[in-house]
Amino acid sequence: MQAIQPTVTPLQPVKNSPRVAPRSSRRQRSYPHKTLGAETGVKLAVNMVLSVCATSALIQLWPHYRAVQEKLHEIQAEVNLTQGRVNQSRSNFNRYFDPSLAKTVMQEQSNRSDPQQRPVILQEPEVSEAEESTPQP
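Residues numbered from 1 in each chain as written. Predicted model: local features only at pLDDT ≥ 70, side-chain atom pairs only at ≥ 80, totals over all residues. Heavy atoms only, no water.

### Digging into the overall build of the protein
Part 1: Each helix and strand counted, the protein has four helices and zero strands in total.
Part 2: Scanning the protein from its N terminus toward the C terminus, one meets helices and strands in the order α-α-α-α.
Part 3: Surface exposure of the protein reaches about 14,500 Å², of which carbon and sulfur atoms provide 58%. (Helix = DSSP H or I, 4+ residues; strand = E, 2+ residues; numbered from the N terminus. Areas by Shrake-Rupley, 256 points an atom, 1.4 Å probe, with all protein chains shown as cover.)

Laid out in structure tokens, this is it:
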């Protein structure tokens with residue numbers, strides 16, 4: 001069989017020479033944790049400053065928030081009172097303009113009565129003087 005045989009190149013002996021790295025790469029390789037530490041410290045400082053600013057803003061806004069809440073409660077109380085008056089007025093309006101209750105409302109508003117009704121007058125019974133002086137058992 002005629003197959004192509006791979007060519008083998010003779011290995012050359014490797015020289016063991018000391019590797020000398022440049023100074024700039026040595027500093028980067030020997031201090032990566034310091035770079036990460038500095039970056040983390042800066043991030044932490046910025047976040048702390050932002051937290052302090054946000055907290056002071058909330059503290060300054062708190063009295064305004066409380067005042068607005070008090071005004072809101074007052075307004076809601078007034079709305080509830082007004083709603084009650086509106087409901088009362090609406091029921092009166094419906095009663096006054098209801099045709100079936102027209103006679104009743106007219107009698108309430110004036111001293112006139114329906115001619116078909118008889119007036120009822122209540123009187124207390126007369127008591128004689130003799131009955132008043134005797135004690136009752």
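### Points about the confidence of the model for the protein
Part 1: The pLDDT averaged across the protein works out to 83; a share of 76% of its residues lies at or above 70.
Part 2: When pLDDT is averaged over each helix and strand of the protein, the minimum, 54, is found for helix α1 (residues 23-30) and the maximum, 95, for helix α2 (residues 32-96). (pLDDT = per-residue confidence, 0-100.)

### Notes on the packing of aromatic side chains
Part 1: Under the counting rule described, the total for this entry stands at two aromatic pairs.
Part 2: Residues Trp 62 and Tyr 65 carry aromatic rings whose centres are separated by 5.4 Å and whose planes lie at 35° to one another, so their mutual orientation is tilted. Residue Trp 62 and its partner Tyr 65 are located together in helix α2, separated by three residues, close to a single helical turn.
Part 3: Assessed through its relative accessible area of 51%, Trp 62 is described here as exposed.
Part 4: Each ring, one from Phe 93 and one from Phe 97, has its centre 4.7 Å from the other, and the planes form 45°; the classification is tilted.
Part 5: Judged by relative accessible area, Phe 97 falls into the exposed class, the value being 61%. (Phe/Tyr/Trp six-rings, centres within 6.5 Å; stacked < 30°, edge-to-face > 60°. Buried < 20%, exposed > 50% of the residue type's maximum accessible area, 1.4 Å probe, protein only.)

### Notes on a nonpolar patch on the surface
Part 1: A contiguous nonpolar patch, built from Val 42, Val 46 and Leu 50 and spanning about 270 Å² of accessible area, is present on the exposed surface.
Part 2: Tracing the chain through its elements places Leu 50 in helix α2.
Part 3: Looking at Leu 50, the relative accessible area reads 52%, which means it is exposed. (Patch = residues over 30% accessible without salt bridge, like charges linked within 9 Å, V, L, I, M, F, W, Y side chains within 5 Å. Salt bridge = Lys/Arg side-chain N within 4 Å of Asp/Glu carboxyl O.)

### A look at the pattern of salt bridges
Part 1: Counting across every chain of the model gives two salt bridges.
Part 2: Between Glu 39 and Lys 43 there is a salt bridge, and its shortest N-O distance comes to 3.5 Å. Separated by four residues within a single helix, Glu 39 and Lys 43 lie in helix α2, roughly one turn from each other.
Part 3: The closest approach of N and O atoms between Arg 95 and Glu 108, which form a salt bridge, is 2.7 Å. With Arg 95 in helix α2 and Glu 108 in helix α3 (residues 102-109), the pair connects residues that are 13 residues apart, well separated along the chain.
Part 4: Accessibility expressed as a relative area gives 48% for Glu 108, which makes it partly exposed.

### Considerations on α2
Part 1: The terminal C-alpha atoms of α2 lie 90 Å apart, and with 65 residues this matches the ideal 96 Å at 1.5 Å per residue to within 8%.
Part 2: At Leu 61, α2 shows its strongest bend, of approximately 35°, with the proline Pro 63 following within four residues. (Expected span 1.5 Å × (residues − 1). Bend = angle between axes of the 7 residues up to and from the residue.)

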